[in-house]
Each structure stands twice: as C-alpha cells, then as structure tokens.
Amino acid sequence: NAGVTQTPKFQVLKTGQSMTLQCAQDMNHEYMSWYRQDPGMGLRLIHYSVGAGITDQGEVPNGYNVSRSTTEDFPLRLLSAAPSQTSVYFCASSPDTLGNSPLHFGNGTRLTVT
Amino acid sequence: AQSVTQLGSHVSVSEGALVLLRCNYSSSVPPYLFWYVQYPNQGLQLLLKYTSAATLVKGINGFEAEFKKSETSFHLTKPSAHMSDAAEYFCAVSDGQAGTALIFGKGTTLSVSS
C-alpha cells in the first residue's frame, strides 16, 4: 500500500545540471500533478496530467518538462537547474479528473541548486 | 479561473481556545473546496472537503468548515485547540471542470501555546 512515492528525498545540484524527479503511484489514478512549495508562496502547480499521454502546464511551468507514458509514472525533468528552482517538490494524484476528489500527496523532494 | 485567498499567514492561539482560519475563494462555477494540513517535514493530508452535499463539513481531528456562497468563504474552525494542531493549513479550490487542476492558497501557520 505504497500510495504516491517520490524519489529522491533530497538532492543538491549545481547550476546548469539536469535531473529527473521521479513520481510513481500504485492506485491506478488518472490524475497526477507536480507542485512546488516555497515559503510564503503556498503550493504552486507546475504541470499536471489527466491520463497517459496527456499533460498540461500549470502556473509555473518554465524550466520543467513532464511526460506521462504510463498511468503509474509522472517524472518531472529539470533541463538546466537554476537557483530559483531551489524548493520542495510534491507529486500528487487523484482518482478523478474533475477536481472533486482529494489529492494524495507524496512526501516531497527537497531540492537545492547552488 | 479559480483562486483562493487565505487571510493571515500566521495565527497564534492558546491551548483550549477557538481556532479560526480564514479562506475566501473565487470561482465562476460552483466550486469544490478543500482544507489540507501539513505537519513539519511531511506531505499534505486532507482535513475535509466540500462538494455541495452539505454546507457544514466535518473533518478529522475535530475540525469543521462552513461553505458560505454569499460570502465566497470556507473558513476552518475548531472549538478547542490542542498542541498537536500546530501545523500549516492550506485551503484549495477546484471548479470541477474536466481536466481541471487544484489551486492552493498560500497557507496559514497555526501556533498553539500552552
């Protein structure tokens, strides 16, 4: 009964490096999303997906790419890391795509870009 | 597009006192509304949700919220605060449309003193 699993839990990158934050869910949820959390800013939506092969941009998509090749996985790619991307990243999933069911959150990835 | 405003980034109460965390929303259609709680270094957990079945919604840990359409509000209350309630609380809104995303407020940190 894993729920939403995010890896890694912590990561330090140098400016310009690339990396992928992994997110997997075992609940067969159609909807998956990525948020970043910064002090005083709450959670801001980066990208989301309503099913395999379908992705869309959220509020702060610049500098990030996503893909959804399977229902289970929704990786977030940082193409060229910048200090402004230092944040805590949360992946979340939901069984429906209409927004009337709660999100299930992973435990987060704390990313530092130096 | 929907939005949510949480009034007060930090609320302090004494143990046993009333907790009131304010949330106002904006949505062009009847919204779905949620309150989440985040304890330090953890992901977000659902406290309660409003999906039009009843205007007064009861959640976990003694919390409840009332949907007031005329005031576009969904304030969170608890009659008697406990030390374990100290956490960050987020209000979130969805417009329930196909492919919609959940939008979060900036959060309110609740401190409880003995």
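Above this text sits the structure in question.
(A) Local environment of the pairing of strand 6 (residues 54-57) of chain A. Where strand 5 (residues 42-51) of chain A meets strand 6 of chain A, three bridges bridge the pair, whose relative direction is antiparallel. In the strand pairing of strand 6 of chain A, A:Tyr48 is matched with A:Asp56.

(B) How the structure looks around the interface of chain B and chain A. Each side of the interface is counted separately: chain B has 24 residues, and chain A has 22 residues. Across the chain B to chain A interface the summed buried area is about 1700 Å²; carbon plus sulfur atoms make up 57%. Viewed at the interface, chain A and chain B are joined by zero salt bridges. If you look at where chain B meets chain A, you find three residue pairs in polar contact (both at pLDDT 80 or more). Among the secondary structure elements, those contributing two or more residues to the side of chain B that touches chain A are strand 4 (32-38), strand 5 (44-50) and strand 9 (87-94) of chain B. Here the side of chain B that touches chain A takes four residues from strand 4 of chain B, the largest share from any one element. Class assignment of the residues belonging to the side of chain B that touches chain A gives a composition of ten nonpolar, eleven polar and three charged.

(C) Spotlight on the environment of A:Pro75. All names here are of chain A. Of note, Pro 75 is situated in the loop between strand 7 (64-66) and strand 8 (76-78). With relative accessibility at 11%, the residue Pro 75 sits in the buried group. Spatially, the C-alpha atom of Pro 75 lies 8.1 Å from that of Ala 24, the residues being 51 residues apart in sequence. Discounting residues that sit within four places of it in the chain, Pro 75 has contacts with Thr 20, Leu 21, Gln 22, Trp 34, Asn 65, Val 66 and Ser 67.

(D) Structural detail: the pattern of salt bridges. Counted by the stated rule, this structure contains four salt bridges over all chains. Through salt bridges that share partners, A:Arg36, A:Asp38 and A:Arg44 make up one connected network.

(E) How the structure looks around the sheet that holds strand 7 of chain A. All names here are of chain A. The antiparallel open sheet is built from four strands, whose spatial order is 1-3-8-7. Strand pairing shows two members of the sheet lacking a second neighbour, strand 1 (4-7) and strand 7, which therefore form its edges. Averaged over all pairs of adjacent strands, the angle between their axes in this sheet comes to 20°, without regard to strand direction. In the sheet, strand 7 pairs with strand 8 via three bridges, with the strands oriented antiparallel.

(F) Inspection of the sheet that holds strand 6 (residues 56-58) of chain B at higher detail. Residues and elements named next belong to chain B. Strand order in the open sheet formed by five strands is 1-3-8-7-6, with antiparallel pairing between adjacent strands. Each having just a single partner strand, strand 1 (3-7) and strand 6 make up the two edges of the open sheet. Mean inter-strand twist for the sheet, computed between neighbouring axes without regard to direction, equals 20°. Where strand 1 and strand 3 (residues 19-26) come together, five bridges link them in antiparallel fashion. Within strand 3, the position partnered with Ser 3 by the bridge is Ser 26.

(G) Spatial organisation of the packing of aromatic side chains. In this structure the tally under the stated criterion is 14 aromatic pairs over all chains. Here the aromatic rings of A:Tyr35 and A:Phe105 are separated by 6.3 Å at their centres, their planes lie at 40°, and the arrangement is tilted. One end of the pair, A:Tyr35, is in strand 4 (residues 31-38); the other, A:Phe105, is in strand 10 (residues 104-105), and 70 residues separate them in sequence. Taking the centre distance of 6.2 Å and the plane angle of 50° together, the rings of B:Tyr50 and B:Phe74 count as tilted. Remark: B:Phe74 occurs in strand 8 (residues 73-78) and B:Tyr50 occurs in strand 5; sequence separation between them is 24 residues. Residue classification places B:Tyr50 among the buried residues on the basis of a relative accessible area of 7%. Overall, B:Phe74 belongs to the buried group, its relative accessible area being 0%. These aromatic residues form a ring-pair network of at least three members: A:Tyr35, A:Phe90, A:Phe105, B:Phe34, B:Tyr36, B:Phe90 and B:Phe104. The aromatic ring of A:Phe74 is capped on one face by A:Arg68, whose charged end is 6.0 Å from the ring centroid.

(H) Structural context of the side chain of A:Ser93. Residues and elements named next belong to chain A. Mapped onto the elements of the fold, Ser 93 is located in strand 9 (residues 87-94). Given the relative accessible area of 0%, Ser 93 is considered buried. In terms of polar contacts, Ser 93 uses its side chain to reach the side chain of His 29, at 2.8 Å. Those residues in contact with Ser 93, other than ones at most four positions away along the chain, are Val 4, Gln 25, Met 27, His 29, Tyr 31, Met 32, Pro 102, Leu 103 and His 104.

Conventions and cut-offs
Residues numbered from 1 in each chain as written. Chains lettered and ligands numbered in written order. Predicted model: local features only at pLDDT ≥ 70, side-chain atom pairs only at ≥ 80, totals over all residues. Heavy atoms only, no water. Pairing = 2+ DSSP bridges. Helix = DSSP H or I, 4+ residues; strand = E, 2+ residues; numbered from the N terminus. Contact = heavy atoms within 4.5 Å. Buried area = accessible area lost by both parts, 1.4 Å probe. Salt bridge = Lys/Arg side-chain N within 4 Å of Asp/Glu carboxyl O. Polar contact = N/O pair within 3.5 Å; in protein donor to acceptor, adjacent residues only side chain to side chain. Nonpolar A, V, L, I, M, F, W, Y, C, P; charged D, E, K, R; others polar. Buried < 20%, exposed > 50% of the residue type's maximum accessible area, 1.4 Å probe, protein only. Axes fitted to C-alpha atoms, helices over the stretch in contact; angles between N-to-C directions. Phe/Tyr/Trp six-rings, centres within 6.5 Å; stacked < 30°, edge-to-face > 60°. Lys NZ or Arg CZ within 6 Å of the ring centre and 35° of its normal.

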